[in-house]
Amino acid sequence: MMPAPTLSQLCAAVNGRPLQGDLTRGYAGATLDSRRVPRDAVFFAVRGVRTDGHRFLGAAARAGAAGAVVERAAR
């Protein structure tokens with residue numbers, strides 16, 4: 001079984017940058033939905049046609065996201 005990717009590796013893969021979390025630790029999962037954050041998951045703040053995941057960074061953190069990958073800094 002492959003080790004879980006680190007936050008640093010995830011950021012590099014999507015040309016994102018970390019907002020919070022340990023860059024060297026492996027994370028157990030990932031999500032785009034701030035309402036359903038698995039334990040030890042990374043939240044990806046994706047900008048879409050109808051909404052912008054950056055608006056939900058606080059909700060993802062409160063839901064237990066262990067890290068976040070963002071395109072830009074939170075406002």
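Scroll up for the structure.
Now for a description of the structure that goes with this document. (Residues numbered from 1 in each chain as written. Predicted model: local features only at pLDDT ≥ 70, side-chain atom pairs only at ≥ 80, totals over all residues. Heavy atoms only, no water.)

Quick look at the side chain of Thr6
As for its placement among the helices and strands, Thr6 is situated in the segment before α1 (7–14). For Thr6, a relative accessible area of 16% puts it in the buried group. (Helix = DSSP H or I, 4+ residues; strand = E, 2+ residues; numbered from the N terminus. Buried < 20%, exposed > 50% of the residue type's maximum accessible area, 1.4 Å probe, protein only.)

Topic: the sheet that holds strand β2 (residues 29–31)
Strand order in this open sheet of four strands is β1-β4-β3-β2, and the pairing throughout is mixed. The open sheet has two edge strands with one neighbour each: β1 (17–20) and β2. For this sheet, the mean inter-axis angle between neighbouring strands, taken without regard to orientation, is 30°. Two strands pair when backbone bridges link them, and β2 and strand β3 (residues 41–44) are joined in this way by three bridges, in the parallel orientation. In the strand pairing of β3, Ala30 is matched with Val42. (Pairing = 2+ DSSP bridges. Axes fitted to C-alpha atoms, helices over the stretch in contact; angles between N-to-C directions.)

Observations regarding α1
Of the positions making up α1, those classed as buried are Leu7, Leu10 and Cys11. All buried residues of α1 lie within an arc of 100° about the axis, which places them on one face of the element. Facing away from the buried side of α1 by over 90 degrees, the exposed positions are Ala12 and Ala13. In this fold, the buried residues of α1 make contact with β1, β3 and β4 (67–70). One or two positions beyond α1, positive phi appears at Asn15, with a value near 55°. (Arc of directions from axis to C-beta. Contact = heavy atoms within 4.5 Å.)

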